[in-house]
Amino acid sequence: MGDFLLVTIQVDLYDRLALTLESDLIRLVSETGARGVLIEISGVSLVDSFMGRILGNISSMTRLLSAETVVVGMQPAVAITLVELGLTLPGVQTALNVERGLALLRQRISATETGDLGATADDDEE
Amino acid sequence: MTTKSSERAEVRTEPDVIAFRGHLRELAFRIEMTTLEQTKFITAASELVRNMLVHGGGGEVTLEEVTNGARVGIRLTFRDEGPGIADITQAMQDGFSTAGSLGLGLPGAKRLANEFDLKSTPGRGTTVTIISWKNGR
């Protein structure tokens, strides 16, 4: 995938494993200099507030390392449950599938490079 | 309300949680909950069992298949002998956490389940009961 990392989670993670994923993934981003991370969760049927927090952490931490993260393939039942749980996952980008996730990653990465990402109008002209 | 089956599980460690979740899936499957109902039910239970471990020092969960007329559901009772909750109203607010977490566990579980009850005595422990009905009623 070139500059990107693809993480496919195929089981419901229990807490210690989720924390291991978080630290392993951040280390990997740092070591490889990856610019994008795709977390594929179509095999995950349980996302509770702990897992939601992990996804949020991964998004924030990778951003600090100049990488963008997109979570893809969320099961509809999981999405509905997260909303009812009150977990909005702010700062976590999502996409329907890997293909769209890649497109979103490329878009976000080029936007950070040109400074268009969430830019405030900066009028520097004299 | 009639109890059709009942089992108890001690949950004190991570392996206990994993076994517990497996039990929940079996029960949900047995009463033929939909995927969505099962997801909500197990997510609510996951929040409550984590609370029990993190705050209560572990405890016991009773899993019961219950019926009420035509309704079929699962009742879970989470019992711990931990420090208890000092201010229940505060604990039921979204975002309130004494453990640096997101604070969604209790109010979230209440939203995801069909019935919710919480009793707590500071210094003695906490008991949380939820019922998830098949077909949501």
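All figures in this text were calculated on a predicted structure; none of them were measured in a lab. (Residues numbered from 1 in each chain as written. Chains lettered and ligands numbered in written order. Predicted model: local features only at pLDDT ≥ 70, side-chain atom pairs only at ≥ 80, totals over all residues. Heavy atoms only, no water.)

**Describing the sheet that holds strand 3 (residues 68-72) of chain A**
All names here are of chain A.
Link 1 in the chain: Here we have four strands laid out as an open sheet, ordered 1-2-3-4, and parallel in their pairing. Since the sheet does not close on itself, it has two edges, and those belong to strand 1 (4-8) and strand 4 (93-95), each with one partner. Adjacent strand axes in the sheet meet at a mean angle of 25° when their direction is disregarded.
Link 2 in the chain: When strand 2 (residues 36-40) meets strand 3, the two strands line up parallel, connected through five bridges. Bridge pairing in strand 3 links L38 to V70.
Link 3 in the chain: Sheet strands in contact with helix 1 (residues 15-32) are strand 1 and strand 2, and its direction is about 160° off that of strand 1.
Link 4 in the chain: Across the sheet, helix 4 (residues 98-114) lies against strand 1, strand 2, strand 3 and strand 4, angled at about 160° from strand 3, the strand it touches most. (Pairing = 2+ DSSP bridges. Helix = DSSP H or I, 4+ residues; strand = E, 2+ residues; numbered from the N terminus. Axes fitted to C-alpha atoms, helices over the stretch in contact; angles between N-to-C directions. Contact = heavy atoms within 4.5 Å.)

**Thoughts on the packing of helix 2 (residues 35-54) of chain B against helix 4 (residues 105-112) of chain B**
All names here are of chain B.
Link 1 in the chain: Between helix 2 and helix 4, the shortest axis-to-axis distance is 9 Å and the interhelical angle comes to 155°. Of the possible angle classes, the one that applies to helix 2 and helix 4 is roughly antiparallel. As for the relative orientation of helix 2 and helix 4, their crossing is left-handed in sense. Here helix 2 contributes K40, T43, A44, E47, L48 and N51 to the contact with helix 4, which in turn contributes G105, L106, A109 and L112. (Parallel < 35°, antiparallel > 145°, perpendicular 65-115°, else oblique. Left-handed = near helix turned anticlockwise from the far one by under 90°.)

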